[in-house]
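In case you want the letters, here they are:
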Amino acid sequence: MRTVKRLAVLHDVARTVGAAWPTRGGGSRSGRSYAVTLLTPVRPESAHDLAAHLRGLGRGEDSPLAKLPYVHFARWLVIEQLKTDWPGAPVPPPRLQSPYLLFTVSLTAPDEEHVRRREDRYVERLPESFLHELRSRIPSDVDAIWGHCVGYPGTGDAEAFVHYLAQSQIETALFHVGYPDVTVDEVRRALRLREQLIDFARDHQDERDPSRLQQAYLQESPTWLPSS
Amino acid sequence: MSSSGGPQGPDGEGGTGDRPEPGATRPPDGRGYDANQFGRARAMTVFSPVRPWYRPPGGVLSLRVVFTVGRAVTGGKSKIRQLSFIHFARWVIIRRFPDHGQPRDPVRRPLLMFESNYNGTFDQYIDAFSYILTRGMTAIWGTSYGFPGPLPVTPFKRYIRGNEFTVDHYYSAYPAATTTMIKSALALREPLRAFNLRAATLDPTQFAAEYRKLLTRAQDDL
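Each chain carries its own residue numbering, running from 1 in the written order of its sequence. Chain letters and ligand numbers both follow the written order, the letters beginning at A and the numbers at 1. Where local features are concerned, this predicted model is filtered to residues with pLDDT of at least 70; where side-chain atom pairs are given and counted, the filter is 80 or more; whole-chain, interface and lining totals use all residues. Side-chain measures here rest on the full set of heavy atoms in the structure, leaving out hydrogens and waters.

## A short note on the overall build of chain A
And then number 1: Note on conventions: DSSP H or I runs of at least 4 residues are helices, E runs of at least 2 residues are strands, and numbering of each starts at the N terminus. Regarding its fold elements, chain A presents seven helices and five strands.
And then number 2: Across chain A, helices and strands are ordered from the amino to the carboxyl terminus as α-β-β-α-β-β-α-α-α-β-α-α.
And then number 3: We call a residue buried when its accessible area falls under 20% of the maximum for its residue type, exposed when it is over 50%, and partly exposed in between, using a 1.4 Å probe and counting protein chains only. Residues counted as buried form 51% of the 228 residues belonging to chain A.
And then number 4: Residues count as neighbours in contact if any of their non-hydrogen atoms are within 4.5 Å of one another. For chain A, long-range pairs separated by at least 24 residues make up 71% of all intrachain contacts whose partners lie at least 6 apart in sequence.
And then number 5: Element-wise, carbon and sulfur atoms account for 49% of the exposed surface of chain A, whose accessible area totals about 11,400 Å². Note on areas: Shrake-Rupley with a 1.4 Å probe; residue coverage comes only from the protein chains shown.

## Here's the deal with the side chain of H148 of chain A
Residues and elements named next belong to chain A.
And then number 1: Looking at the secondary structure, you find H148 in the loop between α4 (139-146) and α5 (158-166).
And then number 2: Owing to a relative accessible area of 15%, H148 belongs among the buried residues under this scheme.
And then number 3: The contacts of H148, once residues within four sequence positions are left out, are V42, R43, S46, D49 and L50.

## A few points about the domain arrangement of chain A
And then number 1: Residue ranges labeled as domains rest on an automatic or database domain assignment. As assigned here, chain A comprises domain 1 (23-167) and domain 2 (184-223).
And then number 2: Taking only C-alpha atoms, the centre of domain 1 of chain A and the centre of domain 2 of chain A are 40 Å apart.

## Focus on the packing of helix α6 (residues 184-203) of chain A against helix α7 (residues 204-218) of chain B
And then number 1: With their axes 10 Å apart at the nearest point, α6 of chain A and α7 of chain B run at an angle of 125° to one another. The angle between α6 of chain A and α7 of chain B places the two elements in the oblique class. With respect to the hand of their crossing, α6 of chain A and α7 of chain B are arranged in left-handed fashion. Of the residues in α7 of chain B, those in contact with R194, L197, I198, F200 and A201 of chain A of α6 of chain A are Y211, L214, L215 and A218 of chain B.
And then number 2: Among the residues forming the contact of α6 of chain A with α7 of chain B, the class breakdown is eight nonpolar, no polar and one charged. All axes here are fitted lines through C-alpha atoms, helices being fitted over the stretch that makes contact, and every angle between N-to-C directions spans 0 to 180 degrees. The labels follow the angle: roughly parallel below 35 degrees, roughly antiparallel above 145, roughly perpendicular from 65 to 115, and oblique for the rest. For any pair of crossing helices, the crossing counts as left-handed if the nearer helix is rotated counterclockwise from the farther one by less than a right angle, and right-handed if it is rotated clockwise. All residues other than Ala, Val, Leu, Ile, Met, Phe, Trp, Tyr, Cys, Pro, Asp, Glu, Lys and Arg, Gly among them, are scored as polar; the first ten of these are nonpolar and the last four charged.

## Describing the pairing of strand β2 (residues 41-49) of chain B
If a strand is regular, its side chains alternate between the two faces of the sheet.
Residues and elements named next belong to chain B.
And then number 1: When you tally the buried positions in β2, you get nine out of nine residues, the bulk of the element.
And then number 2: Residues A41, A43, T45, F47 and P49 point to one face of β2 and R42, M44, V46 and S48 to the other, with burial holding for every one of them.
And then number 3: Inspection of the sheet shows strand β1 (residues 37-38) paired to β2 by two bridges, in the antiparallel sense. Following the sheet pairing, F38 is matched in β2 by A41.
And then number 4: Where β2 and strand β4 (residues 111-118) come together, eight bridges link them in antiparallel fashion. Among the inter-strand pairings, S48 is bridged to a residue of β4, identified as L112. At least two DSSP bridges between two strands are needed for those strands to be called paired.

## A few points about the domain arrangement of chain B
All names here are of chain B.
And then number 1: Segmenting chain B into domains produces domain 1 (2-170) and domain 2 (179-221).
And then number 2: Taken together, the contact between domain 1 and domain 2 spans eight residues of the former and five residues of the latter.
And then number 3: Roughly 500 Å² of surface becomes buried between domain 1 and domain 2 when both sides are summed, with 40% attributable to carbon and sulfur atoms.
And then number 4: By convention in these notes, a salt bridge is any Lys or Arg side-chain nitrogen within 4 Å of a carboxyl oxygen on Asp or Glu. Here domain 1 is connected to domain 2 by zero salt bridges.
And then number 5: Counting of polar contacts relies on pairs of N or O atoms within 3.5 Å, with two restrictions inside protein: one atom must be capable of donating a hydrogen and the other of accepting it, and residues adjacent in sequence are counted only when both atoms are side-chain atoms. Along the contact surface separating domain 1 from domain 2 lie one residue pair in polar contact (both at pLDDT 80 or more).
And then number 6: Residue composition of the side of domain 1 that touches domain 2, by class: two nonpolar, three polar and three charged. Put simply, buried area is how much 1.4 Å-probe accessible surface two parts lose in total, over both of them, once they are put together.

## Examining the interface of chain B and chain A
And then number 1: At the interface, 96 residues of chain B touch 93 residues of chain A.
And then number 2: Taken together, the two surfaces of chain B and chain A that pack against each other cover about 8,100 Å², and 64% of this comes from carbon and sulfur.
And then number 3: Where chain B touches chain A, the interface holds two salt bridges.
And then number 4: D168 of chain B is the salt-bridge partner of R55 of chain A, the closest N and O atoms lying 2.8 Å from each other.
And then number 5: At the boundary of chain B with chain A, the tally comes to 37 residue pairs in polar contact (both at pLDDT 80 or more).
And then number 6: At 13 residues, helix α6 (residues 179-198) of chain B tops the list of elements feeding residues into the side of chain B that touches chain A.
And then number 7: Considering only residue class, the side of chain B that touches chain A consists of 51 nonpolar, 23 polar and 22 charged.
And then number 8: In this structure, strand β3 (residues 71-79) of chain A lies alongside strand β5 (residues 169-172) of chain B, joined through four bridges in antiparallel fashion.

## A closer look at a nonpolar patch on the surface
Residue and element names in this part refer to chain B.
And then number 1: A surface patch of nonpolar side chains, about 440 Å² in accessible area, is lined by W53, Y54 and L61.
And then number 2: By the secondary structure assignment, Y54 is in the loop between β2 and α1 (59-72).
And then number 3: Taking the relative accessible area as the measure of exposure, Y54 reaches 58% and is therefore exposed. Patch rule: a residue counts if its relative accessible area is over 30% and it has no salt bridge; like charges are joined within 9 Å, and nonpolar side chains (Val, Leu, Ile, Met, Phe, Trp, Tyr) within 5 Å.

## A closer look at the pattern of salt bridges
And then number 1: Counting across every chain of the model gives 20 salt bridges over all chains.
And then number 2: Its salt-bridge partner being K157 of chain B, residue D127 of chain B comes within 2.9 Å of it at the nearest N-O pair. With D127 of chain B in helix α3 (residues 122-132) and K157 of chain B in helix α5 (residues 153-163), the pair connects residues that are 30 residues apart, well separated along the chain.
And then number 3: Looking at K157 of chain B, the relative accessible area reads 15%, which means it is buried.
And then number 4: Among the charged side chains, a salt-bridge network with shared partners connects R29, R118 and E124 of chain A.

Written out as structure tokens, the structure is:
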């Protein structure tokens with residue numbers, strides 16, 4: 001009887017610990033924000049060409065990533081070998097057999113409360129929804145980059161493409177989001193509005209008459225409200 | 001190569017995109033700019049090998065517990081939230097490399113990957129991490145080989161530098177903005193909307209008083 005009770009207690013403990021344990025994919029998502037972390041093996045002879053290609057891409061608005069509306073931050077990095085030239089590094093030092101391409105993205109999906117079926121929402125279909133978007137919005141850039149990787153099927157076959165990159169996703173253990181559930185578009189509009197208010201203040205800083213100040217504000221502020 | 005990034009400096013305004021600010025990380029690969037920076041945004045990418053579970057403080061097992069607690073502690077109570085210069089950050093435990101038919105890469109020692117998108121300089125960033133998240137840093141990187149502890153800060157900076165990678169392409173959707181500017185702008189939306197609705201109905205003196213209040217709020221971070 002005592003053994004049965006002990007087993008029951010152990011079972012309860014295991015269930016409690018299991019419930020708190022991070023499940024697959026759980027840590028990559030925080031609200032409507034998501035951390036994409038892809039690691040794909042690069043053909044050794046292509047590593048330098050790939051790195052050169054990535055370094056030659058346009059920056060900012062000229063980056064192919066600027067065509068992806070939900071992406072706040074992203075990076076590409078070719079890892080040719082791990083760094084072990086520091087005190088206390090393990091012996092023997094860990095060595096990679098292949099170079100790897102790291103691609104990370106921090107994105108926030110739009111609020112899709114209006115989409116009735118939960119499973120149809122962009123955020124619920126991540127990372128696949130984002131991978132489909134990569135394929136449809138910047139296919140030639142994607143092919144020019146992942147074309148250097150081992151086993152890459154190309155963007156021609158949507159299912160194979162998404163499967164390849166989804167298999168390359170490494171789940172995040174802890175994801176910090178500085179401004180939760182705010183999309184890129186919302187950040188940009190908020191910044192623009194704040195800038196417009198500050199510009200107005202700068203233009204009218206010498207105005208001492210409250211009545212004239214109010215008049216100017218009522219005249220100008222409607223022109224910046226559409227971006228609010 | 002475009003240089004359409006935003007102004008420079010941790011929180012100031014003015015300047016152009018790709019020019020590094022004083023104290024910025026120098027490019028190790030001969031590029032004419034710091035590839036870990038675009039506008040005010042900076043990228044940090046660090047990989048460190050994790051000790052086995054039987055070596056204190058417990059390898060990946062210990063990391064899992066730390067991250068589970070980290071995920072449970074969110075909102076204002078989270079210490080990382082106090083570090084107001086971080087846009088997005090993540091910790092990833094790599095226990096296997098995705099298999100696409102390349103030569104097998106057995107991961108004898110799991111890797112801990114840390115990535116951050118922040119504004120300010122590398123030194124400011126590590127200083128704040130070390131002094132504010134002292135215990136958190138020890139709990140996380142204490143499982144990695146060679147971690148000297150977050151304090152004193154110089155060996156810790158050397159450790160991070162030793163494990164840090166320079167990115168090949170970095171993208172920010174709003175390179176001119178710091179996290180403080182963004183949070184301030186987001187917080188301004190509602191009061192400004194409410195003010196605009198009432199602006200026409202206020203008498204001029206009331207209007208001027210409320211306008212000044214609003215402006216103070218908008219300029220908090222300037």
